[in-house]
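# An overview of the molecular structure
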Amino acid sequence: MMTKRIILLTYWLCMFCYSSFSQSVRLPHIFADHMVLQRDIPLRIWGWNTPDQEVNVKIDSIQATTISDANGKWELLLPPHSAGGPYELEVTSEGTVIFRDVLYGDVWLAGGQSNMEWKIGWKIDNWEEELKDANYPNIRYYEVANELAPDPQSDISSGKWVKASSETAKEFSAVAWFFAKHNHQEKKVPVGIIDSNWGGTPAEAWVDARKLLSIPGYKEEAAHVLDPHIDWEEKVRQNEANQEEKWRIISDKEGAIKTGAQLISYKDNKWEEVDVPTDDPLSDIAWLRKDFKLKNTPQKAQLYLGDLVQEAMVFVNGKLIAEEGWQDTTAILEIESGLLKKGKNLVAIRVVNSWDNKVRIGKPGKVWLKAGDEKIDLEGKWKYSNDIEPKVPNVEFYHWKPGFLYNAMIAPLTGYGLKGFIWYQGENNAGQHEYYEGVFKALITDWRVHWKQEYVPFLFVQLANYMQRVEVQPESDWAYLRDAQSGALELPNTGMATIIDIGVAEDIHPRNKQDVGKRLWLAARKVAYNEDIVYSGPVYSSMQVTGNKAEISFVNTGAGLMVKGSKLEGFIIAGADGEFHKAQAELKGNKVIVTSDLVNAPKAVRYGWADNPKATLYNKEGLPAVPFKTD
C-alpha cells in the first residue's frame, strides 16, 4: 500500500536546512499560503533565522516580537484570534516572508493507516456526486508526504495547503473530508485538515520511540531503534534504493507487454502448473495463462477472476482489457465484441503484490468466463512462471519501526495549533492486540505532550466488521483489538466512532466513508464542542445474573434501545467452563436479557465479538452498540 515515494529525512539534511535558514528568516513547510490557523487559542509560530536577530510577526491587528537563539531558532506565541479571514501573516527580520490568504478556523490532524488515507477519488460510495458538492474554498487540506526517519526531524520535506473544490477534493482523505464538511457547515468556520497517514502501518511507528521504552510489548524493539551503534541512516538509504528498483520493475508495463507472455503464440511449455484459486501464495511478477475453447463466437462476454492480490494486468487473446491497483476491488470484466472467437482462446494475467510479495489469485467458485450461453469454469490448472521479468528486490518495512513515522511525519508538526486529532488505525496491530491499549494510550498522551495541548480532543474510529462471518468467535483478534481501542476512552477528552455495521466481509477498505466521518463528527460535537448530544451507540454498563438469565444494562441509550433486523442477534454466552455459545437475546426496555439452553449459570456475555459480527442492537438515534465483553 506504499503508493508514494519514501523520502529519508536524515540528520545531515536537517543541519543543511539550519544553515540555509541562516540566510534569512524562514518557517516550517506547514506554514504556507492558504493555511488555516486555529482560532481562539494562543498560537505558536516558529522558525529559523540568523542567530541573535529580532523577528517580528504580524497578522491582522496582532503583532509579536522575539529574538532568535544562538542556533538561529526562534518561536513566539500569538494571542488568540476569532475565526475569520483572509489575512496575511507577515514575518520580518533581515528579510520578510508573507503568507497570503490565511484563515482562522478549526484545524484537525487526520492520522492513521489506509482507511484514513483512502481518497474520495478512490471510488468511495457515491464519489462522483460528492465531488459535485465539494466547492468549499474555506475548507483547506494539507497532505504530508510519506516519509520516514530514524531521528526526530525539524521539518517535513514539502507540502501545500489546497482549497476544496470539485477538482481538488478527489485527492482528499474521504473520512477527513466528511468530518471537515460537517465541521464547516455546522460551526460556520473555516476548517483545515492536516493529513498525516500511511497505509498499512502499526501504531508503534507513530509514537516517539523514547516513549515506547516504558510500554510493554515494545521496550526491546524501541531500544533497538534507539541503539546509537546502529547506522539506521545507511540501512534506510539502501532500503530506499531497493524500494525504487521494486517500483521500477512493478511499474514497467511496457516491458511487461514486450515479453509477449500475454500472446497466444507465446511458448509456455516450460512453465510449471499451479492451481487457481491459489492455496499457497506465488511471488515476484507472476504470469499465469489459461486457454479454453468456445463453441461459438460470442457477441458479449464477461470474465471474473475472483480476487487478484494486488496489482494486476489482465489480457484476453493478447489484448489488455483491464488493470487493477492495490486500492481496487477485482471486478467482473466486460470483454468487447469480437475479441473472443470460436475455438481456442487465452486469458493471461500479470499479478504482483507490492505489499508483501505474496501473490494470491482467485476465489473458490469465482473464476469463470461467460460467453453468450456458455459459462467456462476457469478454476484448476494454469500455466505459471515468475521468471519472465526480474525478481522483486526485498524491501524491509522500516516504516513499521517504532518512531520512524513519528520522527518524519508528526514531530515536525508538533506545536502547530490544533482543535484536535482524528485517527483511524488498528488493522495492522490486530495480531498483537494484547499490547494495543498500551501503545495507543501512549500515542495519545505523548502527542498531547509534544503539542503542549494537554487535553486536546482525540477522536478515533473503532475497526469495522471484516472477513468471513462466524457467529461464535471468542478468540477473534479483531474483537480484542476493538476492545483495546475502547480502553483508550479512559483518557480524558477522547471519543470513538463505532462502525461494526458498515464494513464489508471481503474488503478491508469499506467504501462507506460518509458514516465514518459523520460519527467522528458526532464525537467531536460532544468532546470538542461540549454539546449535549447522543454521540455514541449503547455502551455496556453492568450485568446482573438471575438463574439462567443475564440482564445487561447500558449507558448512551439515548431515546431508547432498538433492534435492527428481524431479531436481536450477535450475543454469545458462557458458563463457568468458559466455553461460549450462541445466545438468545431479548430486548426489554433499555436492557437486554441473554440466555442459552446450554448455559445454566451465566458467567460471561459478549456482544459483537467476532471479526465480522452481526450488528443488531442500536439506540433510536441510529448508532450501533459498542462491542463488549463482561469477562
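For the structure, check the block above.
Below you will find a few notes about this structure. Given the structure is predicted, the values throughout are model-derived calculations rather than measurements.

### Focus: the overall build of the protein chain
From N to C terminus, the protein chain includes 12 helices and 37 strands. At 27 Å, the protein chain has a C-alpha radius of gyration in line with the 25 Å of a compact globule built from 631 residues. Its C-alpha atoms put the protein chain at 85 × 70 × 55 Å along the principal axes. Considering only intrachain contacts with a sequence separation of at least 6, the fraction spanning at least 24 residues in the protein chain is 76%. A total accessible area of about 26100 Å² is found for the protein chain, and carbon and sulfur atoms account for 47% of it. Looking at the protein chain, you have 72 positive and 87 negative side-chain charges, and the mean spots of the two groups are 5 Å apart.

### What to know about the nonpolar core
Among the nonpolar cores identified, the biggest contains 81 residues, and F31, L78, I194, W206, Y416 and W447 are the most heavily contacted of them. With eight residues, helix α10 (residues 436–451) is the single largest residue contributor to this core. Other than its neighbours up to four places away in sequence, W206 contacts G112, S196, N197, W198, T201, L405, Y406, M409, I410, W423, L443 and W447. In terms of nonpolar packing, the next biggest core, distinct from the first, is built from 41 residues, W108, A174, A180 and A528 among them.

### As for the sheet that holds strand β14 (residues 286–294)
One open sheet accounts for six strands, arranged β13-β24-β14-β20-β17-β18; its pairing is antiparallel. The outermost strands of the open sheet, each flanked by one partner alone, are β13 (272–276) and β18 (319–324). Across the sheet, the mean angle from the axis of one strand to that of its neighbour is 30°, orientation sign disregarded. Relative to β18, strand β17 (residues 311–316) runs antiparallel, the two being bridged by five bridges. From the neighbouring strand, F315 faces β18, where its bridge partner is L320.

### What about the packing of aromatic side chains?
Under the defined criterion, the tally for this structure stands at 43 aromatic pairs. With a centroid separation of 4.8 Å and 10° between ring planes, the pair formed by Y540 and F628 is classed as stacked. Note that Y540 is positioned in strand β28 (residues 539–546) and F628 in strand β37 (residues 628–629), a separation of 88 residues in sequence. Put simply, the rings of W206, F421, W423, Y436, F440, W447, W451, F458 and F460 pair up and form one aromatic cluster.

### Considering helix α7 (residues 232–251)
Over its 20 residues, α7 extends 28 Å from the first C-alpha to the last, a length consistent with the 28 Å expected when each residue adds 1.5 Å. For α7, every residue scored as buried is listed here: W232, V236, N239, E240, Q243, K246, I249 and I250.

### Things to note about unusual backbone geometry
Cis geometry is found at the peptide bond from G85 to P86, where omega equals 10°. Considering the arrangement of structural elements, one finds P86 in strand β7 (residues 84–92). Here the bond from V309 into Q310 is cis, since omega is 0°, no more than 30 degrees from zero. Mapped onto the fold, Q310 is located in the loop between β16 (308–309) and β17. Of note, N530 is a non-glycine position whose phi angle comes to about 60°, a positive value.

### Here's the deal with the sheet that holds strand β32 (residues 580–582)
Strand order in the open sheet made by the four strands is β32-β31-β35-β37, with antiparallel pairing throughout. A single partner strand is all that each edge strand has here, and the edge strands are β32 and β37. With two bridges connecting them, strand β35 (residues 604–607) and β37 associate as antiparallel partners. Note that in β37 the partner of R606 across the bridge is K629.

### Here's the deal with the environment of K620
If you trace the backbone, K620 turns up in the loop between β36 (617–619) and β37. Its relative accessible area of 53% is what places K620 among the exposed residues. For the pair K620 and K267, spaced 353 residues apart in sequence, the C-alpha to C-alpha distance is 64 Å. Those residues in contact with K620 that lie beyond four places of it in its chain are A559, G560, L561 and M562.

### Regarding the packing of α10 against helix α11 (residues 477–487)
The relative placement of two packed helices comes down to the angle between their axes together with the axis-to-axis distance. Direction vectors running N to C along α10 and α11 enclose 35°, while the axes themselves pass 8 Å from each other. When you trace α10 past α11, the crossing you get is right-handed. Along its contact with α10, which presents Y436, E437, F440 and K441, the element α11 presents L481, A484, Q485 and G487.

### With respect to the environment of W326
Counting through the fold element by element, W326 comes out in the loop between β18 and β19 (333–335). Each C-alpha atom of the pair W326 and W48 lies 41 Å from the other, and the pair is 278 residues apart in sequence.

### Some thoughts on the pairing of β14
Counting buried positions over the nine residues of β14 gives seven, a clear majority of the element. Across nine bridges, β14 lies against strand β20 (residues 343–352) in antiparallel orientation. Pairing of F292 across the sheet is with N345, part of β20. With three bridges joining them, β14 and strand β24 (residues 380–385) adopt antiparallel strand pairing. Bridging across to β24, L288 finds its partner in Y384.

### Brief notes about the pairing of β24
For a regular strand, side chains alternate in direction, first toward one face of the sheet and then toward the other. With five bridges joining them, β13 and β24 adopt antiparallel strand pairing. In the strand pairing of β24, D275 is matched with K381.

### Some points on the side chain of S173
In this fold, S173 is placed in the loop between β11 (161–163) and α4 (174–187). Among the residues examined, S173 registers a relative accessible area of 0% and is labelled buried. Within the local environment of S173, its side chain forms a polar contact with the backbone oxygen of M116, the two atoms lying 2.6 Å apart. The residues touching S173, leaving out its near neighbours within four places in the chain, are M116, E117, W118, K119, Y141 and D195.

### With respect to the pattern of salt bridges
Pairing is possible between side chains that carry opposite charge, provided their charged atoms lie close to one another. Within the structure shown, the criterion is met by 35 salt bridges. We note a salt bridge from E130 to K181, for which the minimum N-O separation is 2.7 Å. Of this pair, E130 sits in helix α3 (residues 127–132) while K181 sits in helix α4, and the two are 51 residues apart along the sequence. In this structure, E130 and K181 share a single accessibility class: buried.

### What to know about α11
In terms of residue burial, α11 counts as a mostly covered element, since nine of its 11 residues are buried. Those residues of α11 that fall on the buried side of the exposure criterion are W478, A479, Y480, L481, R482, A484, Q485, S486 and G487. Buried residues along α11 sit in contact with α10, β26 (458–461), β27 (494–497), β35 and β37. Capping the start of α11, S476 holds a side-chain oxygen 3.3 Å from the backbone nitrogen of W478, two or three residues further along.

Rules used in this analysis
Residues numbered from 1 in each chain as written. Predicted model: local features only at pLDDT ≥ 70, side-chain atom pairs only at ≥ 80, totals over all residues. Heavy atoms only, no water. Helix = DSSP H or I, 4+ residues; strand = E, 2+ residues; numbered from the N terminus. Rg over C-alpha atoms; globule rule 2.2 N^0.38 Å. Contact = heavy atoms within 4.5 Å. Areas by Shrake-Rupley, 256 points an atom, 1.4 Å probe, with all protein chains shown as cover. Lys, Arg positive; Asp, Glu negative; His and termini not counted. Charge placed at Lys NZ, Arg CZ, Asp CG, Glu CD. Core = buried A, V, L, I, M, F, W, Y, C linked by side-chain atoms within 4.5 Å. Buried < 20%, exposed > 50% of the residue type's maximum accessible area, 1.4 Å probe, protein only. Pairing = 2+ DSSP bridges. Axes fitted to C-alpha atoms, helices over the stretch in contact; angles between N-to-C directions. Phe/Tyr/Trp six-rings, centres within 6.5 Å; stacked < 30°, edge-to-face > 60°. Expected span 1.5 Å × (residues − 1). Left-handed = near helix turned anticlockwise from the far one by under 90°. Polar contact = N/O pair within 3.5 Å; in protein donor to acceptor, adjacent residues only side chain to side chain. Salt bridge = Lys/Arg side-chain N within 4 Å of Asp/Glu carboxyl O.

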